[in-house]
Amino acid sequence: MKKLALALALVLCLTACAVAFADQVTVKFFHRWPNEPKLSYLNGLIAEFEAANPDIKIETDQVLNDSYKEKIRVLVSTDDIPDVFMSWSGSFATNLVKSGRVQTWDDILAADPEFKDSIIESQWPPFQIDGKQYGVPWSMDGKAFFYNKDLFTELGLEVPTTLNGLYELCEALKAAGYEEPISAGFSAPWAVSHYLGTICQRVVDPETLAKDYAGEGDFTDPGYIEALNIFKKLGEYMTKDPNSVDHEFARNAFIFGESPMVYLQLGECKYLRDDIEFDYGFFNFPAVEDGKGDPGQLTGAPEGMMISNVASPEVQEAAIKFVKFVISQHGGYEMTKQTGELSCVKGALDETNLDAKQLEAVDLILKSTEPALWQDNVTDAVIADAFMAGGQLLLTGDKTAEDVMKDVQTAAASIK
Amino acid sequence: MQSRRAGMNVMTPYIYVLPCVLLLGVFVYIPLVANFYYSAYSFSALSPTKEFVGLQNYRTLFTDPVIATAIVNNIWYCLISVAIQVLLALVIASLLEDKLFAKISTVLRTTYFLPVLISMTVVALLFSFVYHPKIGLINAALKFFGMKNPPAWTGDPKTAIFSAIIMSQWHSTGYTTMLFIVAIQGISEDLYEAAEIDGANRLQRFWHITVPQVREMMFVTMVTTVTGAFLVFNDVYILTQGGPGNASTTLAVYMYRNAFNLDKMGYASTIAVIMLIICMALAIIQNTAFRSGKGD
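The structure reproduced in this document is the subject of the present report. Worth saying up front: this structure is predicted, and the values here are computed from it rather than measured. (Residues numbered from 1 in each chain as written. Chains lettered and ligands numbered in written order. Predicted model: local features only at pLDDT ≥ 70, side-chain atom pairs only at ≥ 80, totals over all residues. Heavy atoms only, no water.)

Moving on, we get to helix α10 (residues 206–213) of chain A. Residues and elements named next belong to chain A. Among all positions of α10, only L209, D212 and Y213 are buried. An end-on view of α10 places all buried positions within 95 degrees of arc, on one side of the element. Looking one or two residues past α10, G215 carries a phi angle of roughly 90 degrees, positive in sign. (Buried < 20%, exposed > 50% of the residue type's maximum accessible area, 1.4 Å probe, protein only. Helix = DSSP H or I, 4+ residues; strand = E, 2+ residues; numbered from the N terminus. Arc of directions from axis to C-beta.)

What follows is the structure in structure tokens.
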């Protein structure tokens with residue numbers, strides 16, 4: 001009898017709970033920020049959102065970059081697809097969209113033009129695939145040469161506007177005793193693709209480049225050989241044996257004054273804040289003489305959020321609400337203040353959450369004509385890999401620019 | 001016999017082996033068969049459909065220059081590992097068990113075994129500092145002794161794979177040495193005494209007593225070392241990621257990169273099939289050569 005009473009009590013209790021939570025919608029959110037300070041920022045924001053929307057519960061799961069790339073690719077193709085998740089732009093986004101489970105934002109944005117206008121315009125296109133908007137840009141970035149301003153003033157050097165100017169600058173720095181004017185670390189191959197992506201964009205005809213990256217071309221334009229040779233020539237001014245040096249080491253070599261220049265992402269400003277003892281500035285990769293690409297472009301792409309289209313309408317509605325909350329002036333302001341990532345919401349950035357350098361960085365992004373997507377994101381992984389592997393061997397002298405392009409052509413043919 | 005009649009029916013033994021068969025089936029045999037099936041398709045982890053390509057993946061495999069590089073690297077891994085982890089480890093073990101080193105052998109044994117206790121991931125991260133061209137231990141020493149242009153180690157396609165191999169030897173030799181020590185301790189002291197009385201010197205005792213007596217252990221270490229060399233992943237992936245270019249890639253690293261970086265799941269399965277065939281062939285050859293289990 002006692003047992004029966006207990007069981008009855010349990011059933012009653014569970015029913016009561018179920019009733020209490022019946023109206024609550026759970027949104028599964030998968031992101032790539034398990035590290036601090038980013039995790040605290042997101043958790044704080046989620047707590048705020050839940051307090052404001054007691055009927056919505058956000059369930060998070062998170063893993064770091066490379067694991068995230070692998071896991072989200074698998075999840076998107078299954079029924080376990082998270083309701084809200086992060087994505088890079090370019091081919092990464094395209095691949096996720098191929099699963100057919102990513103929701104388009106066109107109708108949502110049409111219904112809420114105010115939200116659409118709240119985000120910096122140039123950041124929307126990288127998430128457009130086949131003319132449709134699949135993601136909402138969250139943070140923006142750009143790649144630029146950081147330089148030691150104090151040293152440049154001391155030696156009377158100017159920021160170069162052309163590639164030849166950059167070579168001359170490097171020669172002058174060498175003459176002044178800096179054997180390695182450009183600090184570089186390519187042990188992780190993506191760092192190679194940041195250089196090659198920019199140089200190819202500057203040199204190769206934009207139409208040809210877009211066609212080749214999309215997998216419709218054959219990479220036979222002579223501009224690629226020229227671009228690779230430019231990279232090889234720049235290599236002469238870089239850290240010796242860059243393939244055995246990692247990117248963080250290269251950055252630190254700049255911070256501690258060993259090399260007067262380094263090619264960094266603007267988001268990396270935050271790493272320079274504490275240790276650097278000299279004034280620094282940054283400039284966009286200079287124009288290449290006779291190059292066919294727009295020298296006003298800045299390499300760098302936004303990161304954004306996507307939602308699933310297989311979730312139930314209530315969940316989807318809650319997910320949209322959540323995305324709009326994260327990518328709002330308040331959410332963006334806090335993100336930049338707490339994590340240093342640059343929000344792409346208009347008005348989220350000002351001198352209260354940015355230091356002078358970051359404001360300059362934002363200025364550089366806004367001044368650029370448009371973002372040129374990261375090479376390893378804009379094209380198929382197989383093609384990007386051929387460029388990266390080739391770029392490493394180009395610097396060691398084990399391959400020529402022609403050899404590398406042959407590999408790229410083979411890679412491009414293999415995915416047709 | 002009493003208990004057997006009382007508690008055991010015909011099914012009992014099968015019930016006992018069932019969990020093992022199930023686990024092996026789910027985690028080993030089904031994936032093994034599925035892998036052959038996948039290798040005939042071209043697909044990405046994302047796409048809901050698979051495209052049947054028959055033997056196309058195998059044709060690509062045999063013309064892929066990276067596969068050739070990977071196999072050569074695996075062979076180097078295997079040769080050097082056998083030389084050091086089997087042959088040298090046996091010599092070290094017999095020296096440590098010799099009366100000559102009796103006083104310090106415990107200390108040495110522990111020292112050699114210590115690296116085994118460190119996870120390979122940690123070791124690889126540690127060695128990336130040892131090999132670092134700017135702040136690394138090795139190049140600092142080489143520069144101290146007057147070498148102007150020390151090698152770039154992990155950054156040079158010619159030295160990258162050997163950097164990984166050397167690290168692996170540092171990590172694993174202590175383990176096989178320990179196995180040989182155990183085997184040598186099992187050899188009857190009488191044999192050595194008899195040989196000594198007959199006037200055999202150290203080398204002769206090693207060659208005519210130790211080596212034949214630890215043959216079974218040699219077989220075990222040989223199989224694990226050779227198979228390990230053809231499956232090596234961690235060491236290379238963490239230290240060099242197979243780079244620069246693909247210069248230090250191994251079959252396992254290339255398989256992983258195809259599956260998870262390049263999204264060519266079918267091709268990755270094909271590489272896995274080749275790895276399986278190589279390892280099985282080597283295990284069979286060694287089994288025959290050592291005639292294991294039929295010891296005299």
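This is not the end of the story, as more comes after the structure.
Quick look at the sheet that holds strand β10 (residues 280–283) of chain A now. Backbone-to-backbone hydrogen bonds pair the strands of a sheet. The strands run either parallel or antiparallel. Residues and elements named next belong to chain A. An order of β8-β9-β7-β10 is seen for the four strands of this open sheet, with the pairing classed as mixed. Strand pairing shows two members of the sheet lacking a second neighbour, β8 (182–183) and β10, which therefore form its edges. Direction of pairing for strand β7 (residues 143–148) relative to strand β9 (residues 261–265): antiparallel, over a ladder of five bridges. By the bridge assignment, F145 is partnered in β9 with Y263. Helix-sheet contacts for helix α12 (residues 247–255) involve β7, β8, β9 and β10, and the interaxial angle to β9 is about 130 degrees. Each of β7 and β10 touches helix α16 (residues 356–367); the most contacted strand, β10, lies at about 10 degrees to it. (Pairing = 2+ DSSP bridges. Contact = heavy atoms within 4.5 Å. Axes fitted to C-alpha atoms, helices over the stretch in contact; angles between N-to-C directions.)

We now examine the interface of chain A and chain B. Each partner contributes residues to the interface: chain A has 26 residues there, and chain B has 25 residues. At the boundary of chain A with chain B, total buried surface from both sides reaches about 2100 Å², with 56% on carbon and sulfur atoms. Per-residue buried area on chain A facing chain B is highest for R73(A), S244(A) and F249(A); these three make up 24% of the total on that side. In this structure, the connection of chain A to chain B is made through three salt bridges. Between E180(A) and K134(B) there is a salt bridge, with the nearest N and O atoms lying 2.7 Å from each other. Linking chain A with chain B are six residue pairs in polar contact (both at pLDDT 80 or more). Secondary-structure elements contributing two or more residues to the side of chain A that touches chain B are α3 (65–76), α4 (91–98) and α18 (381–396) of chain A. The leading source of residues in the side of chain A that touches chain B is α18(A), at seven residues. (Buried area = accessible area lost by both parts, 1.4 Å probe. Salt bridge = Lys/Arg side-chain N within 4 Å of Asp/Glu carboxyl O. Polar contact = N/O pair within 3.5 Å; in protein donor to acceptor, adjacent residues only side chain to side chain.)

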